[in-house]
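Architecture at a glance
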Amino acid sequence: MTVRVAIVIPIYNHKDEIGTTLARLMPHGLPIFVVDDGSDAATQAVLAELAGRCAPQVSLLRLAVNGGKGAAVMAGLNAARKAGFTHALQIDADGQHDAADVPRFLEAARTAPDAVVLGRPVYDESVPKARLYGRYVTHVWVWIETLSFAIPDSMCGFRLYPLDAACDLIDAVALPMRMDFDIEILVRLSWRALRFVTIPTRVTYAAGGLSHFDVVRDNVRISKSHTRLVAGMLVRLPILLARKVLPRSGARAPGSDSRGRWWRIAERGSRTGMRLLALSCRVFGMRATRLWLHPIVAYFLLTGRTARLESRRYFTHLREASPAQTTPAPGWCSAYRHMLAFAEAGLDKLAAWTGKVRHADVVFDDPSAFEALVASGKGALVIGAHLGNLEMTRALAVRGAHAKITAVVYTEHARRFNSVLAGAHRDFASRMVEVADFGPETAMLMEQRIDAGELLVIVGDRVPAHEAGRVVEAPFLGVVAPFAQGPYVLAHALGCPVYLFFCLKEGGRHRLYFEPFAERIALPRRERAAHLAAHAGRYAQRLEHYCRKAPFQWFNFFDFWARQRGEGNGRR
């Protein structure tokens, strides 16, 4: 994007300061729009003389009557946009702001052209203490209204707007015309999910300087504005919270394609938002917190185009592979229910680690295989999937000390959520091992745990980032799909029994399915490919069985079948 910046200066009767302000700004070579907000005759004469002398760099706009600072700024922003500029740098006419910082604002705009660049005042001894401390009342209210600390100072008159966003807001909303404008436009831009960049800048108050701030009237106006904004925040609260839990995906490198490559898709979630949900669970309980999931998921549905399309692809395959069964129709409704099940599974994980899930709510479909394994004291490899709630048994096992269960995970894309779970229980981190690949080092690390009688839980329906080429293809939902070789290679190296595990939520309860897979997996060198295909095929069949059983509980929101369209062709 080509950034074209103009300067907008609102002025009302600052005839003595405007000449010096212009002299400091003109060397930067930017076009300047001076907006005369109905000044007196003396100021009009000074402005006319300056505009004639500084043309064409300086353009003068004159409002017939004094409408207030907000009215003047809005007139200047609209004029700059109409003239073809992409950004406008607002600066007050009274000379309080350091014009030497203009290049820093311009650089910030080039680096983040969609962001609002705010001056963060650095005051010297000239600042009136009453004004300095009084500003903090507004700062706190703005932080409440935006649920964010992204706007450290909403009253500084030195700022740079992206004009499309600012002018669209001006056209859509009746913004205040006077001193409360500076505050309200930032809060409302924050509600529209704009980013903010702050730059420390020196602010000086000249002795005897002219101020148009009316202590009584403007404070009343600002108080009314905060009342409106708090009400607006409460109306938008579900969406604002959703943005914290499910913020926009990170920027992608030009030309990159994340389709079918789950590790390139950024984790959509902030620690702050997730911890707010965790706090809600503790304070209001699980039932009340689940109500928040509906607006959060609605936001995710609307903004998560990739996940929405992959949900549709999954249900299309499921429907085509199960013509005799009643399966969900692909579309917005099924995608919403799919994403809601995913969000609820996250809450259930948190509930498990904080002890809010009763043992009576978790039942085995057939406990015999699990009980026999635990009684034997042997270690085993347990292969699960991103289906249902794999976390449930791990948390319950730790709390009940029934078995030592360790998850072998690819946590690179779930660090934020895992950090919340780690805060919920001190044993979380010790019961999790992160891997990036399956090789001799991984096997050696796991062998000690197997010898100690631990159950290593690993997923079989996702390929580690560094193992993208080592896959084996197997039929899944009527289409050939790539499955990781890693679990079977690891089982071969460990020489331990292998089980399959799935945990589905059925009728408000968690039902555990634990079934033997192989007493031992052998991969003879000459028949290695055939054995890997056979094991992956058996796993895919069982995964397909449970997907049909609980269609909304398989949570791979990326193109699982991408390789079939010629992507990622690597060695096998």
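Scroll up to find the structure.
What comes next concerns the included structure.

The rules behind these values
- Residues numbered from 1 in each chain as written.
- Predicted model: local features only at pLDDT ≥ 70, side-chain atom pairs only at ≥ 80, totals over all residues.
- Heavy atoms only, no water.
- Helix = DSSP H or I, 4+ residues; strand = E, 2+ residues; numbered from the N terminus.
- Expected span 1.5 Å × (residues − 1).
- Buried < 20%, exposed > 50% of the residue type's maximum accessible area, 1.4 Å probe, protein only.
- Lys, Arg positive; Asp, Glu negative; His and termini not counted.
- Salt bridge = Lys/Arg side-chain N within 4 Å of Asp/Glu carboxyl O.
- Contact = heavy atoms within 4.5 Å.
- Phe/Tyr/Trp six-rings, centres within 6.5 Å; stacked < 30°, edge-to-face > 60°.
- Lys NZ or Arg CZ within 6 Å of the ring centre and 35° of its normal.

**Structural notes on helix α3 (residues 69-82)**
An ideal rise of 1.5 Å per residue puts 20 Å on 14 residues; α3 measures up with 20 Å between its terminal C-alpha atoms. The buried fraction of α3 is high, at 10 of 14 residues. Every buried residue of α3 is listed here: K69, G70, A71, A72, V73, M74, G76, L77, A79 and A80. One or two positions beyond α3, positive phi appears at G84, with a value near 100°.

**Describing the side chain of R308**
With respect to the secondary-structure elements, R308 resides in helix α11 (residues 305-321). No salt bridge is formed by the buried R308; the nearest opposite charge belongs to E310, separated by 11 Å. Ignoring sequence-local partners within four residues, the contact set of R308 consists of L301, L302, W332, A335 and M339.

**Details of the pattern of salt bridges**
Within the structure shown, the criterion is met by 21 salt bridges. Measuring nitrogen to oxygen at the nearest pair gives 3.2 Å for the salt bridge that ties R104 to D101. Judged by relative accessible area, R104 falls into the partly exposed class, the value being 38%. The exposure class of D101 is buried, given its relative accessible area of 10%. Between R110 and E107 there is a salt bridge, with the nearest N and O atoms lying 3.9 Å from each other. One end of the pair, R110, and the other, E107, are both in helix α4 (residues 102-111), 3 residues apart, so they sit about a helical turn from each other. Take E107: its relative accessible area is 44%, and that puts it in the partly exposed class.

**Here we look at the packing of aromatic side chains**
Enumeration over the complete set of coordinates arrives at 24 aromatic pairs. Between the aromatic rings of F33 and F85, the centroid separation amounts to 6.1 Å while the plane-to-plane angle is 85°, which identifies the pairing as edge-to-face. One end of the pair, F33, is in strand β2 (residues 32-37); the other, F85, is in the loop between α3 and β4 (87-90), and 52 residues separate them in sequence. We note that F33, like F85, is buried. Centre to centre, the rings of F483 and F560 are 5.3 Å apart; their planes meet at 75°, and the pair counts as edge-to-face. Here F483, found in strand β14 (residues 479-484), pairs with F560, found in the segment after α18 (528-549); they are 77 residues apart in sequence, far enough to count as distant. For F483, a relative accessible area of 1% gives the class buried. According to the relative accessible area criterion, F560 is buried, its value standing at 4%. Members of the aromatic cluster, joined through ring pairs, are Y314, F315, F476, F483, Y539, F552, W554, F560 and W561. The cationic tip of R4 hangs over the ring face of F85; the distance from NZ or CZ to the ring centre is 4.7 Å. Over the aromatic face of F517 sits the side chain of R538, whose NZ or CZ is 4.1 Å from the ring centroid.

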